[in-house]
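# Chain and residue survey
Read off the chains here:
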Amino acid sequence: MELNQKARVRFAPSPTGALHIGGAHTALFNWLWARHTGGTFILRIEDTDRERSTAEYEQTIMDGLRWMGLDWDEGPDKGGPRGPYRQTERMDDYINIANSLVDAGKAYRDGDAVFFRVPRGEQVAFEDAIYGAINVASEKASVNTDGSVKDIVMIKSDGMPTYNYAVVIDDHAMDITTVIRGEDHIANTPKQILIYRALGWTPPHFAHLPMILGSDKKKLSKRHGATSVFEYNDMGYLPESVFNFLALLGWTPGDDLEIFDRELAVGKFELSKVTRKPAVFDMKKLDYVNQEHLKSMRPDDRLKAIEPFWRDMKLPVDKYPAKYLEESLTLMGGRGKTTKELAEFSDYFLDFDAVKSRYTAEDITPERRAALKKFFASALDRLQPEEWRAPRLEEFAREWCETGGASLKEIAMPMRFALSGRKVSPGVFEIAELLGREECKTRLKHFDFA
RNA sequence: GGUCCCAUCGUCUAGUGGCCCAGGACAUCGCCCUUUCAAGGCGGCGGCACGGGUUCGAAUCCCGUUGGGACCGCCA
């Protein structure tokens, strides 16, 4: 199979809902194949379901694709040489071609509908780029529940074309070289091939992708929680993580490589290396992939990703220089699996009120407090702003503990709580340095530690 | 019920007849590091669904069984 030339592929959602995970997966693989072959990625809107299709959903789907970083070359919004890219705008073709099939005796009218006469005794065979050879007898291509042959509806009573018919007209009109779609369409393929044959057209190549399952091994659906890609954004997953994770469902770039960017995926992608087994969507792995991307991001990009969450939390982002904010996030290291968590875990760098609201120092006994006051008063007295550096602070604390027979922990933990209000944080001395001597003094005094 | 498809650790996968008494990653467990928690390092647990063939040799090829999935709408 000559799958190595420039591909013309398409993602063809129906605008009846937001871009969900399954659709994003299909779009992603189409995009990868187009970019890998230096071909064309087309967006086509299948809006023949008048009842459920809306312009809003069409917009949402486009936004979802953009969020994922999947740009298309031809589509309803930007046009292209093989348009229109919205099915409701190709009505003449559907009607004319259906009429020609009726004239040729290959289809017939029944009321306002047009049916395609399913031929008997033919063999429908195609070579799926992923599943391999698939063979079906023509009379089995379209059947009723009882197994009897059922002619294929081409034009519905409302005058609109059906999916199985329109998709053939469109893919041919758009000169699609390879149809890449979910495995649930394998059973539709023979019907479509029968129509290609009746029209005397050569069918494109087909490549069916394994389904994405929920943890219960059932096709992913609303029951499994978040379905729209935007919900993942809201939960704190980076688009590059969702891209990376979804690419891993049914494919690997090889060499045990699991964390990668779009560019690498484009370079290594091969349709022939896609798996056939349905894949379970594992949030834990998504968490891991997200964390890795979060760790390897450039500080300024990381800040851009976190900022919206800080703003949602009503934190005074604008009070601080970008450099300070970037450093606070760098200090967070590998803490937090999502941007949302990272934003929450780092709130004390922007707002002392957050600290006060969750820590009261009630756990400190009078004796401990007296000891802490001695230490911090001494530290504040001896270390001036320019000396307020993590190594110096730590050295100072260690010496104090050594001479006083205390453990570093006895100072570090209360200090951690006073500065961050959390028992989990980066190193306290690093936090102290970034916060600065004055801010530390304010916080320590508030808890009567200095 | 019919048609089609699938089958390697709990999960994602590597593996296309010998390099595999099966490799990696996530999860999980333990140890180390350590001012906390992450991160990081090291190690443990854990799988070729089953039965027949073919072959000198099978996770890899064939057949059957079992299990799972998709589809069978004038939805797409």
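Calculation criteria
- Residues numbered from 1 in each chain as written.
- Chains lettered and ligands numbered in written order.
- Predicted model: local features only at pLDDT ≥ 70, side-chain atom pairs only at ≥ 80, totals over all residues.
- Heavy atoms only, no water.
- Helix = DSSP H or I, 4+ residues; strand = E, 2+ residues; numbered from the N terminus.
- Rg over C-alpha atoms; globule rule 2.2 N^0.38 Å.
- Buried < 20%, exposed > 50% of the residue type's maximum accessible area, 1.4 Å probe, protein only.
- Domains from an automatic or database assignment.
- Contact = heavy atoms within 4.5 Å.
- Buried area = accessible area lost by both parts, 1.4 Å probe.
- Salt bridge = Lys/Arg side-chain N within 4 Å of Asp/Glu carboxyl O.
- Pairing = 2+ DSSP bridges.
- Axes fitted to C-alpha atoms, helices over the stretch in contact; angles between N-to-C directions.
- Near = heavy atom within 4 Å.
- Polar contact = N/O pair within 3.5 Å; in protein donor to acceptor, adjacent residues only side chain to side chain.
- Right-handed = clockwise from strand over helix to strand, strands pointing away.
- Parallel < 35°, antiparallel > 145°, perpendicular 65-115°, else oblique.
- Left-handed = near helix turned anticlockwise from the far one by under 90°.
- Phe/Tyr/Trp six-rings, centres within 6.5 Å; stacked < 30°, edge-to-face > 60°.
- Lys NZ or Arg CZ within 6 Å of the ring centre and 35° of its normal.
- Core = buried A, V, L, I, M, F, W, Y, C linked by side-chain atoms within 4.5 Å.
- Nonpolar A, V, L, I, M, F, W, Y, C, P; charged D, E, K, R; others polar.

### Topic: the overall build of chain A
Looking only at helices and strands, one finds 19 helices and eleven strands in chain A. Radius of gyration (C-alpha) of chain A: 30 Å, far over the 22 Å computed for a compact globule of 450 residues. Projected onto its principal axes, the C-alpha coordinates of chain A cover approximately 100 × 40 × 40 Å. For chain A, with 450 residues in total, the buried portion stands at 51%.

### Notes on the domain arrangement of chain A
Interface size is commonly expressed as the accessible surface area that is lost when the partners come together. Along its sequence, chain A is organised into domain 1 (8–85 + 212–280), domain 2 (90–209), domain 3 (297–350) and domain 4 (356–446). Placing the centre of domain 1 and that of domain 2 at their C-alpha centroids yields a distance of 24 Å. In this complex, domain 1 contributes 24 residues to the contact, which on the side of domain 2 involves 25 residues. Roughly 2100 Å² of surface becomes buried between domain 1 and domain 2 when both sides are summed, with 55% attributable to carbon and sulfur atoms. Area buried by domain 1 at its contact with domain 2 is led by R8, R10 and T48, which between them contribute 27% of it. Here domain 1 is connected to domain 2 by five salt bridges.

### Considerations on the sheet that holds strand β4 (residues 113–116)
Pairing is antiparallel in the open sheet, where three strands are placed in the order β3-β4-β7. What marks the edges here is a single partner per strand, and that holds for β3 (107–110) and β7 (152–155). Along the sheet, successive strands turn relative to each other by an average axial angle of 40°, direction set aside. Relative to β7, β4 runs antiparallel, the two being bridged by three bridges. Across the sheet, the residue bridging to F116 is I152, located in β7.

### Considerations on the protein's contact with RNA strand B
Around RNA strand B sit 61 residues, and of these V143, K156, S157, E258 and R335 come closest. Near the protein, within 4 Å, the atoms of RNA strand B are sugar or phosphate in 72% of cases. Within the side chain of K285, one N or O atom sits 3.2 Å away from a sugar or linking oxygen of RNA strand B. Elements with a contribution of two residues or more to the surface near RNA strand B: β6 (132–137), β11 (279–280), α10 (283–296), α16 (390–404), α17 (408–420) and α18 (428–435).

### With respect to helix α5 (residues 163–173)
The buried count for α5 comes to nine of eleven residues, which makes it a mostly enclosed element. The complete set of buried residues in α5 reads N164, Y165, A166, V167, V168, I169, D170, D171 and A173. In the core, the buried residues of α5 are packed alongside β1 (8–11), α3 (91–103), β7, β8 (178–182) and α6 (189–199). Trailing α5 by a residue or two, D175 shows a phi angle of about 60°, which is positive.

### Things to note about the pairing of strand β2 (residues 40–43)
Side-chain alternation along β2 places T40 and I42 on one buried face and F41 and L43 on a second face that is also buried. Two strands pair when backbone bridges link them, and β1 and β2 are joined in this way by four bridges, in the parallel orientation. Along β2, the bridge assignment pairs F11 with L43. In this fold, β1 hands off to helix α1 (residues 21–36), which returns the chain to β2; that crossover is right-handed.

### Description of the packing of α17 against α18
Orientation of α17 relative to α18, taken along the N-to-C sense of each, is 45°, at an axis distance of 9 Å. In terms of their interaxial angle, α17 and α18 are classed as oblique. Handedness of the crossing formed by α17 with α18: left-handed. Side by side, α17 and α18 meet where L408, A412, M415, R416 and L419 of the first sit next to V428, F429, I431, A432 and L435 of the second.

### Structural notes on the pattern of salt bridges
Side-chain pairing between opposite charges can occur once the charged atoms of the two side chains come close. Counted under the stated rule, the structure contains 36 salt bridges. One salt bridge connects D71 with R35, and the closest N-O pair in it is separated by 3.5 Å. Note that D71 is positioned in the loop between α2 (55–68) and α3 and R35 in helix α1, a separation of 36 residues in sequence. By relative accessible area, which is 40% here, D71 ends up partly exposed.

### A closer look at the packing of aromatic side chains
In the structure shown here, the tally under the stated rule is 21 aromatic pairs. Ring geometry for F375 against F376: centres 5.0 Å apart, planes inclined by 70°, an arrangement best described as edge-to-face. F376 carries the same exposure label as F375, and that label is buried. What links up through ring pairs into an aromatic cluster is the set F29, W33, W251, F260 and F269. A cation over an aromatic ring shows up here: R262 above the ring of F243, its NZ or CZ 5.1 Å from the ring centre.

### Describing the environment of D256
Within the element layout of this structure, D256 appears in the loop between α8 (239–247) and α9 (262–268). A C-alpha to C-alpha distance of 48 Å links D256 and V149, two positions 107 residues apart in sequence.

### Describing the nonpolar core
With 53 residues, the main nonpolar core has W310, F349, F376, F447 and F449 as its most contacted residues. When we break this core down by domain, the ones giving at least three residues each are domain 3 (297–350) and domain 4 (356–446). Ignoring any residue separated from it by four or fewer positions in sequence, one finds W310 in contact with L303, L315, V317, L325, S328, L329, A343, S346 and L350. Counting 51 residues, the second largest nonpolar core, distinct from the first, contains L19, L28, A226 and F281.

### What about the packing of α3 against α5?
Their axes nearest at 10 Å, the elements α3 and α5 cross at an angle of 105°. Taken together, the axes of α3 and α5 are roughly perpendicular relative to one another. Only Y165, A166, I169 and D170 of α5 make contact with α3, whose side of the interface consists of D93, Y94, I97 and A98. Its residues assigned to classes, the contact of α3 with α5 comprises six nonpolar, no polar and two charged.

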